[in-house]
Amino acid sequence: MDILFASAPGFDQPLAVLKHCHDRIRKQLATLEKLLPHLQKNGADAEAQKAVLAVLKYFQNAAPLHHDDEEVDLLPELQRTATGVDADLLSATLPKILQQHQQMADQWRRLEAQLSNIADGSSAVLSSDDVAQFQGLYQEHMQIEETQIAPMAMRLFNPGQMHKLGQAMQARRGINPT
């Protein structure tokens, strides 16, 4: 676990931090997938409860911060900066990204209720359809951001914009600059 945190990029590289968040999301999505057969075989045992608590913690805390990074800072800055073909791509892509954020929040609420019951041992039911929908939406969403949005920001943002983005992300997490 220490290796994961040691390798995490600093806020002086805000786009790398966002990518690192995507990697952590993928890890949590993989845990959800592994939970499905585990719950069928073992029920809401201690191992399942521990895994569920980690998923709950991530999607209740870190994921909303990540979405705010995008909605409050990254995407508006891109809108102010992008011109021509970049502005056209952003104009076409932005509504879908924001819609996906809302869909993910809605799907999370369904999963959160199921996971909370698993966490307290009162149920071992986790909908494979809900997990699949949540995973599919997140995978599509991250692909758009990693292949279109992040490369655009990397190309268009000057060092001052990158610094401003990193500072906002850091402040959102209550981390004082060092």
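Our subject is the structure that appears above.
Residues numbered from 1 in each chain as written. Predicted model: local features only at pLDDT ≥ 70, side-chain atom pairs only at ≥ 80, totals over all residues. Heavy atoms only, no water.

### Remarks on the packing of helix 2 (residues 14-42) against helix 5 (residues 128-156)
So, point 1. Following both chains from N to C, one finds helix 2 and helix 5 inclined at 165°, their axes separated by 10 Å at the closest point. In terms of their interaxial angle, helix 2 and helix 5 are classed as roughly antiparallel. Judged by the twist between their axes, the crossing of helix 2 over helix 5 is left-handed. Of the residues in helix 5, those touching helix 2 at Leu 15, Lys 19, His 22, Ile 25, Arg 26, Leu 29, Ala 30, Leu 32, Glu 33 and Leu 36 are Ser 128, Val 131, Phe 134, Gln 135, Tyr 138, Gln 139, Met 142, Glu 145, Glu 146, Ala 150, Ala 153 and Met 154.
So, point 2. Of the residues that constitute the contact of helix 2 with helix 5, the class distribution is 13 nonpolar, four polar and five charged. (Axes fitted to C-alpha atoms, helices over the stretch in contact; angles between N-to-C directions. Helix = DSSP H or I, 4+ residues; strand = E, 2+ residues; numbered from the N terminus. Parallel < 35°, antiparallel > 145°, perpendicular 65-115°, else oblique. Left-handed = near helix turned anticlockwise from the far one by under 90°. Contact = heavy atoms within 4.5 Å. Nonpolar A, V, L, I, M, F, W, Y, C, P; charged D, E, K, R; others polar.)

### Notes on the pattern of salt bridges
So, point 1. In this structure the tally under the stated criterion is 12 salt bridges.
So, point 2. Notably, a salt bridge pairs Arg 26 with Glu 146, separated by 3.1 Å at the nearest N-O pair. Taken together, the positions of Arg 26 in helix 2 and Glu 146 in helix 5 put the pair 120 residues apart, joining distant regions of the chain.
So, point 3. Judged by relative accessible area, which is 27%, Arg 26 ranks as partly exposed.
So, point 4. A salt bridge links Glu 77 to Arg 80; the shortest N-O distance between them is 2.6 Å. With a gap of three residues between them, Glu 77 and Arg 80 both fall in helix 3 (residues 46-81), about one helical turn apart.
So, point 5. By relative accessible area, which is 11% here, Glu 77 ends up buried.
So, point 6. One salt-bridge network, held together by shared partners, links Lys 19, Asp 23, Arg 26 and Glu 146. (Salt bridge = Lys/Arg side-chain N within 4 Å of Asp/Glu carboxyl O. Buried < 20%, exposed > 50% of the residue type's maximum accessible area, 1.4 Å probe, protein only.)

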